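The primary structure of each chain is shown beneath.
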Amino acid sequence: MKSSNLLKIAGLMVLLFFSCTKSKEVPEQEGFYEPWESLGPLFHDVQIAGVFPDSKTFVDCTPRKNPYEIAAEYEQVKNSPDFDLAGFVKANFDEPIAPKVKSVEENEFFEEHLDNMWVNLTREASDTSGTSTLIALPGKYVVPGGRFREIYYWDSYFTMIGLGVSGRDDLVKLMVDNFAYLIDSVGFIPNGNRSYYLGRSQPPYFAHMVNLYAQLTSLDDAVRYLPMIEKEYEFWMKGADQLNATNQAVNRTVLLGDTLILNRYYDFLDFPRPESHKEDFELAEGLSADEKSQLYRNLRAGAESGWDYSTRWFEDKDKFATIRTTEILPVDLNCLLHGVEIILTRMYAHTGDMDKATEFAAKAADRQEALQQVFWNEGQGAFTDYVWTEDRLEDQVTMATAYPLYFRIATEEQGIQTMSYIEEHLLMPGGLVTTTIESGQQWDYPNGWAPLQWIGIKGMEHYDNAELATDIAERWLSVNKKVYTNTGKMMEKYNVVDTTLTAGGGEYPTQDGFGWSNGVALGLMAKKPVY
């Protein structure tokens with residue numbers, strides 16, 4: 001037998017020995033490269049050794065030959081006295097190409113730079129004919145920038161706001177088509193188009209993307225996406241028919257009382273995130289197997305929320321390891337799903353299917369009532385998350401409190417009180433801070449994020465507080481322009497407390513580019529944005 005065949009067999013034996021257990025909920029797909037499985041112990045060793053400063057780099061590397069052969073070769077040579085792990089990786093893998101950040105043209109105005117950046121952030125339709133974790137997409141798409149070399153779900157909605165302002169309806173359509181393709185082919189929209197994101201999604205903005213597209217074109221053009229909107233909705237509601245008094249939570253659904261079904265963030269998988277393997281593995285050291293499984297799922301669910309990470313998800317606000325995302329009913333997620341139900345109602349009515357329109361109208365009414373009652377924190381005068389495992393409201397108020405205003409769900413009085421709370425506690429010199437707790441996590445004080453500025457500003461407008469909305473927008477755009485003037489870049493997030501700084505905190509360095517920051521800035525400067 002040839003030595004290459006022996007290596008392949010040995011590699012398969014490594015895979016069988018080391019492979020992670022997959023949930024039966026994860027869709028079976030052909031041809032996806034999963035390095036945490038096919039590379040066996042090599043994957044773990046490379047990540048723990050910190051061969052790359054950013055754990056995401058290795059999962060984005062492309063093996064130069066069959067990964068099972070590489071895994072088998074590693075087993076043969078790893079104990080050699082002169083073995084060099086970094087050298088072995090360099091010899092067997094191609095690193096992802098660092099994106100080029102467009103430099104500022106002489107005399108280029110701020111708005112011009114944002115418009116021009118779309119070319120820099122646009123990627124061609126994916127080709128994964130080689131071995132790659134990238135999931136192929138049929139059309140062009142816009143990436144956030146920096147280390148984020150693929151499409152991201154909820155980022156893309158806010159990016160599309162800017163694309164609409166820039167007159168790039170063509171890219172908006174391609175983005176919607178790509179997400180529709182993912183729903184059809186994978187069964188849902190993953191966190192991003194990478195195989196290591198297939199256990200989770202992100203905040204469900206697809207229906208809202210279609211709604212945005214309808215404004216750019218027509219409802220007749222947009223209604224063809226109706227089956228995909230409903231299919232994604234079914235993904236978020238999967239398991240609801242199994243809920244009962246002794247089985248209160250299944251997947252992303254949770255039963256409150258006898259009949260009320262609400263949603264949480266979740267992940268089908270419960271092992272370390274491959275793109276953050278070292279960080280997750282080290283955080284779980286010393287825990288039992290069951291405790292590790294629980295921690296990993298909560299970390300993954302936190303990543304599905306898009307708020308990765310914030311004390312919002314911690315039981316003990318001082319301890320990251322107490323993350324319990326799956327025990328929380330998030331107010332923003334349930335507002336988003338209410339929005340999906342409203343869009344489904346309108347689209348089915350437009351097609352003349354009044355039975356389906358009535359069905360989703362009833363679901364939307366039930367969820368709106370729950371949002372007004374279950375999530376309203378009278379003591380704080382704002383909306384907060386609900387800890388369903390303890391049958392109580394969370395005390396911490398975050399910028400998620402603005403979602404019931406953005407979606408026009410809050411009562412008039414709730415809206416007035418919430419705006420007052422935001423102005424008093426969350427409004428800073430540079431805009432809206434995400435939380436009031438300084439933890440070192442990137443979704444906490446002192447950072448502000450473009451999507452939450454948009455939600456807050458538009459929420460104020462929806463409750464007739466144009467003065468406060470304008471004030472927030474001016475503060476945020478001032479910080480954007482100041483950092484741009486000093487660096488020539490747009491950032492992923494900004495320090496809104498000390499506006500002499502950019503931002504910091506989290507698992508990776510501050511990124512530049514940046515899709516949703518560009519999109520929101522253009523939306524705020526537009527006379528009549530679409531959203």
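Further up the page is the structure itself.
I will try to describe carefully the structure that is included in this document.

What counts and how
- Residues numbered from 1 in each chain as written.
- Predicted model: local features only at pLDDT ≥ 70, side-chain atom pairs only at ≥ 80, totals over all residues.
- Heavy atoms only, no water.
- Helix = DSSP H or I, 4+ residues; strand = E, 2+ residues; numbered from the N terminus.
- Polar contact = N/O pair within 3.5 Å; in protein donor to acceptor, adjacent residues only side chain to side chain.
- Contact = heavy atoms within 4.5 Å.
- Pairing = 2+ DSSP bridges.
- Buried < 20%, exposed > 50% of the residue type's maximum accessible area, 1.4 Å probe, protein only.
- Salt bridge = Lys/Arg side-chain N within 4 Å of Asp/Glu carboxyl O.
- Patch = residues over 30% accessible without salt bridge, like charges linked within 9 Å, V, L, I, M, F, W, Y side chains within 5 Å.
- Areas by Shrake-Rupley, 256 points an atom, 1.4 Å probe, with all protein chains shown as cover.
- Lys, Arg positive; Asp, Glu negative; His and termini not counted.
- Charge placed at Lys NZ, Arg CZ, Asp CG, Glu CD.
- Phe/Tyr/Trp six-rings, centres within 6.5 Å; stacked < 30°, edge-to-face > 60°.
- Lys NZ or Arg CZ within 6 Å of the ring centre and 35° of its normal.
- Axes fitted to C-alpha atoms, helices over the stretch in contact; angles between N-to-C directions.
- Parallel < 35°, antiparallel > 145°, perpendicular 65-115°, else oblique.
- Left-handed = near helix turned anticlockwise from the far one by under 90°.
- Nonpolar A, V, L, I, M, F, W, Y, C, P; charged D, E, K, R; others polar.

1. Focus on the side chain of Thr 345
With respect to the helices, strands and loops of the structure, Thr 345 is situated in helix α15 (residues 331-351). For Thr 345, the side chain forms a polar contact with the main-chain oxygen of Glu 341, separated by 2.8 Å. Excluding residues within four positions of it along the chain, Thr 345 makes contact with Ala 357, Phe 360 and Ala 361.

2. Regarding the sheet that holds strand β12 (residues 392-393)
Read from one edge to the other, the open sheet built from three strands follows the order β8-β11-β12, with strand pairing classed as antiparallel. Looking at which strands have only one partner, the edges of the open sheet turn out to be β8 (328-329) and β12.

3. Observations regarding the sheet that holds strand β7 (residues 260-263)
Within a sheet, adjacent strands bond to each other through the backbone by hydrogen bonds, running parallel or antiparallel. Read from one edge to the other, the open sheet built from three strands follows the order β5-β6-β7, with strand pairing classed as antiparallel. Bordering the open sheet on either side are β5 (249-250) and β7, each of which pairs with just one other strand. Here two bridges tie β5 to strand β6 (residues 253-256), and the two strands are oriented antiparallel to one another. Residue pairing in the sheet places Ala 249 in a bridge with Val 254 of β6.

4. With respect to helix α21 (residues 515-525)
In terms of residue burial, α21 counts as a mostly covered element, since 10 of its 11 residues are buried. Within α21, the full set of buried residues consists of Gly 515, Trp 516, Ser 517, Asn 518, Gly 519, Val 520, Ala 521, Leu 522, Gly 523 and Leu 524. On its buried face, α21 sits against α7 (110-121), α8 (153-165), β15 (447-449), α19 (450-462), α20 (466-487) and β16 (493-495).

5. Digging into the pattern of salt bridges
Under the defined criterion, the tally for this structure stands at 32 salt bridges. Among the ionic pairs, Lys 56 bridges to Asp 60, the shortest N-O distance being 2.5 Å. Placement of the pair is Lys 56 and Asp 60 together in helix α4 (residues 56-60), with a separation of four residues, close to one helical turn. Exposure class is identical for Lys 56 and Asp 60. Each is buried. Between Arg 324 and Glu 327 there is a salt bridge, with the nearest N and O atoms lying 4.0 Å from each other. Salt bridges sharing partners connect three or more residues here, namely Lys 56, Asp 60, Arg 149, Glu 150 and Arg 194.

6. Here we look at a negative patch on the surface
A surface patch of like charges, here negative, comprises Glu 378, Glu 412, Glu 413 and Asp 464. Structurally, Glu 412 can be placed in helix α18 (residues 412-426). Exposure remark for Glu 412: the relative accessible area of 58% places this residue in the exposed category.

7. As for unusual backbone geometry
Between Asp 308 and Tyr 309 the backbone carries a cis peptide bond, its omega angle lying at 5°. Position of Tyr 309 among the secondary structure elements: in the loop between α14 (289-305) and β8. Between Tyr 445 and Pro 446 the backbone carries a cis peptide bond, its omega angle lying at 10°. Its location among the elements puts Pro 446 in the loop between β14 (431-432) and β15. With phi around 50°, Asn 251 is a residue other than glycine that occupies positive phi space. Relative to the assigned elements, Asn 251 resides in the loop between β5 and β6. Given a relative accessible area of 8%, Asn 251 falls into the buried group. Of note in the backbone geometry, Asp 391 takes a positive phi value of approximately 55° without being a glycine. When you line up the elements, Asp 391 lands in the loop between β11 (386-387) and β12.

8. Thoughts on the pairing of β7
Two strands pair when backbone bridges link them, and β6 and β7 are joined in this way by four bridges, in the antiparallel orientation. Within β7, the position partnered with Leu 256 by the bridge is Leu 260. Where β6 hands over to β7, the hairpin turn is made up of three residues, of which Gly 257 adopts a positive phi near 65°.

9. Describing the packing of aromatic side chains
Any two aromatic rings considered together are summarised by their centre-to-centre distance and by the angle between their planes. Tallied over the entire structure, the rule returns 42 aromatic pairs. The interplanar angle of 20° and the centroid separation of 5.9 Å between the aromatic rings of Phe 43 and Phe 58 together place this pair among those described as stacked. Here the residue Phe 43 occupies a position in helix α3 (residues 41-49), and Phe 58 occupies one in helix α4, the gap between them amounting to 15 residues. Since its relative accessible area comes to 1%, Phe 43 is described here as buried. On the numbers, 6.1 Å between centres and 25° between planes, the contact of Phe 52 with Phe 58 is stacked. Residue Phe 52 shares its accessibility class with Phe 58, and that shared class is buried. Stacked on the ring of Trp 236, the Lys or Arg Arg 252 has its end atom at 5.7 Å from the ring centre.

10. Some words on the side chain of Arg 324
Relative to the assigned elements, Arg 324 resides in the loop between α14 and β8. Aside from chain neighbours lying at most four places away, what touches Arg 324 is Asn 298, Trp 313, Phe 314, Glu 315, Val 387, Glu 390, Arg 392 and Glu 394.

11. Some points on the pairing of β6
Both faces of β6 are covered, namely the face carrying Thr 253 and Leu 255 and the face carrying Val 254 and Leu 256. Two successive antiparallel strands, β5 and β6, enclose a turn made up of two residues, where Asn 251 displays a positive phi of approximately 50°.

12. What to know about the environment of Phe 514
Looking at the secondary structure, you find Phe 514 in the loop between β16 and α21. For Phe 514, a relative accessible area of 0% corresponds to the buried category. Sequence-wise, Phe 514 and Phe 148 are 366 residues apart; in three dimensions their C-alpha atoms are separated by 9.7 Å.

13. Some words on the environment of Asn 518
For Asn 518, the position within the fold is in helix α21. Asn 518 gets classed as buried once you look at its relative accessible area, which sits at 0%. Measuring from C-alpha to C-alpha, the distance between Asn 518 and Pro 144 comes to 9.4 Å, with 374 residues separating the pair along the chain.

14. Points about the packing of helix α10 (residues 206-216) against α15
Contact geometry of α10 with α15 gives a least axis separation of 9 Å together with a crossing angle of 50°. Relative to α15, the element α10 lies oblique. The interaxial crossing formed by α10 with α15 has left-handed handedness. From α10, Ala 207, His 208, Val 210 and Asn 211 reach across to α15, where they touch Leu 336, Gly 339, Val 340, Ile 343 and Met 347. Its residues assigned to classes, the contact of α10 with α15 comprises six nonpolar, three polar and no charged.

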